[in-house]
Amino acid sequence: MKTVISPKWLLAGAAVLACAAFGASHAPFQSPRARAAAMPAPAGMKIAVVNYQRLPLDLDEQVHNLHVFKREENTMQAQLQSERTALKKMMEPLNPNSALALKAGTAEYNKLTAKVRKAAIRLSVDRRYMQLSFRADTRHALESIYSHAQTAIAAYAKAHHISLVLDSMKPLQNIGSTRAFIQMVQSRNVLYASRGLDITDQIAAAMNRAWTNAHR
């Protein structure tokens, strides 16, 4: 016997499935990190936080790096200015209004034009190379501070029997795009922590002692 399904039942079933799908798609999503944070900590576990946004501001290493970067930047600017001045002087005979002007089309004029072109290219290459070198130096300095912070945090945590240390980065204000806001929210590890859990000052002090001992 052939079973005939009423259109009414088909519509009712489709409505149920649609509601289920809608509910599933709008159910609150929890990332693995959020689910882990919601789980109660094991009895006796000690937790601390470090504000890594503030930590570098209190470090002697960071102060040293800023001075180094400033000197490096001044040296680069002085070198580039010297090259620009030399290039401008070299170009003077190519200016038809100059007292040193060469006659266009002559062998001397063409030779100087080629020399100026090479000098201009060299200036552009030097400027680009200095920019890339400066960026690499700043990146290496940031990586060095982060590595030293990791070492200091691990040592402090072990010495004080702390099982977990989280970054208590504060939320940014006036974020210009939805994407940037979502990235900020997703990157936060701590939504709230009491002041007593914050060991940022202790880590900064430990890192400064290590820095002083290494540069005596």
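Visitor: Any details on the nonpolar core? Residues and values, ideally.
Guide: Membership of the largest hydrophobic core comes to 15 residues, with the highest contact counts inside it found for Val50, Leu55, Leu59, Ile199, Ile203 and Met207. Within the residue set of this core, elements represented by two or more residues are strand 1 (47-50), helix 4 (107-159) and helix 6 (200-214). Per-element accounting of this core gives the leading share, six residues, to helix 4. In contact with Val50, not counting residues within four places along its chain, are Leu55, Ile153, Val165, Leu166, Asp167, Ser168, Ile199, Thr200 and Ile203. Core analysis: the next-biggest nonpolar cluster, separate from the first, contains eleven residues, Leu80, Leu87, Met90 and Leu123 among them.

Visitor: Now, about the pattern of salt bridges: what can you tell me, with residues and values included?
Guide: This structure, assessed with the given rule, holds five salt bridges. A salt bridge links Asp198 to Arg54; the shortest N-O distance between them is 3.9 Å. Linking Asp198 in the loop between helix 5 (178-187) and helix 6 with Arg54 in the loop between strand 1 and helix 3 (60-91), this pair joins segments that are 144 residues apart in sequence. Among the residues examined, Arg54 registers a relative accessible area of 27% and is labelled partly exposed.

Visitor: Now, about the packing of helix 3 against helix 4: what can you tell me, with residues and values included?
Guide: Running from N to C, helix 3 and helix 4 cross one another at 175°; their axes reach a closest spacing of 10 Å. By the angle between their directions, the pair helix 3 and helix 4 is classed as roughly antiparallel. Considering only residue class, the contact of helix 3 with helix 4 consists of 15 nonpolar, seven polar and ten charged.

Visitor: I'd like to hear about the side chain of Asn51, residue by residue, with values.
Guide: Along the chain, Asn51 falls in the loop between strand 1 and helix 3. Setting aside residues no more than four positions away along its own chain, Asn51 makes contact with Asp167, Ser168, Met169, Lys170, Asp198 and Thr200.

Visitor: I'd like to hear about a nonpolar patch on the surface, residue by residue, with values.
Guide: Taken together, the side chains of Met45, Ile47 and Leu164 define a hydrophobic patch exposed on the protein surface, amounting to about 200 Å² of accessible area. Checked against the element boundaries, Ile47 lands in strand 1. On the basis of relative accessible area, Ile47 is assigned to the partly exposed category, the value being 30%.

Visitor: Tell me what's going on with the side chain of Gln62, and back it up with residues and numbers.
Guide: As for its position among the elements, Gln62 is in helix 3. For Gln62, a relative accessible area of 18% translates into the label buried.

Visitor: Give a detailed account of helix 6, specifying residues and quantitative values.
Guide: Taking 1.5 Å per residue, 15 residues should reach 21 Å; helix 6 reaches 21 Å between its end C-alpha atoms and fits that length. Among all positions in helix 6, only Thr200, Ile203, Ala204, Met207, Asn208 and Trp211 are buried. End-on, the buried residues of helix 6 take up no more than an arc of 135°, which puts them together on one face. Buried residues in helix 6 make contact with strand 1, helix 3 and helix 4.

Visitor: An account of the environment of Pro56 is requested, with residue identities and associated values reported.
Guide: Structurally, the position occupied by Pro56 is in the loop between strand 1 and helix 3. Since its relative accessible area comes to 15%, Pro56 is described here as buried. Residues Pro56 and Tyr146, spaced 90 residues apart in sequence, show a C-alpha to C-alpha distance of 9.0 Å.

Visitor: Report on the packing of helix 4 against helix 6, specifying residues and quantitative values.
Guide: At their nearest, the axes of helix 4 and helix 6 sit 9 Å apart, and the two run at 110° to each other. As the angle between them shows, helix 4 and helix 6 are arranged roughly perpendicular. Of the two elements, helix 4 crosses helix 6, and the hand of that crossing is right-handed. Contacts between helix 4 and helix 6 involve Ile145, His148, Ala149, Ala152, Ile153 and Tyr156 on the former and, on the latter, Gln202, Ile203 and Met207. Across the contact of helix 4 with helix 6, the residue classes break down as seven nonpolar, two polar and no charged.

Reading guide: rules and limits
Residues numbered from 1 in each chain as written. Predicted model: local features only at pLDDT ≥ 70, side-chain atom pairs only at ≥ 80, totals over all residues. Heavy atoms only, no water. Core = buried A, V, L, I, M, F, W, Y, C linked by side-chain atoms within 4.5 Å. Buried < 20%, exposed > 50% of the residue type's maximum accessible area, 1.4 Å probe, protein only. Helix = DSSP H or I, 4+ residues; strand = E, 2+ residues; numbered from the N terminus. Contact = heavy atoms within 4.5 Å. Salt bridge = Lys/Arg side-chain N within 4 Å of Asp/Glu carboxyl O. Axes fitted to C-alpha atoms, helices over the stretch in contact; angles between N-to-C directions. Parallel < 35°, antiparallel > 145°, perpendicular 65-115°, else oblique. Nonpolar A, V, L, I, M, F, W, Y, C, P; charged D, E, K, R; others polar. Patch = residues over 30% accessible without salt bridge, like charges linked within 9 Å, V, L, I, M, F, W, Y side chains within 5 Å. Areas by Shrake-Rupley, 256 points an atom, 1.4 Å probe, with all protein chains shown as cover. Expected span 1.5 Å × (residues − 1). Arc of directions from axis to C-beta. Left-handed = near helix turned anticlockwise from the far one by under 90°.

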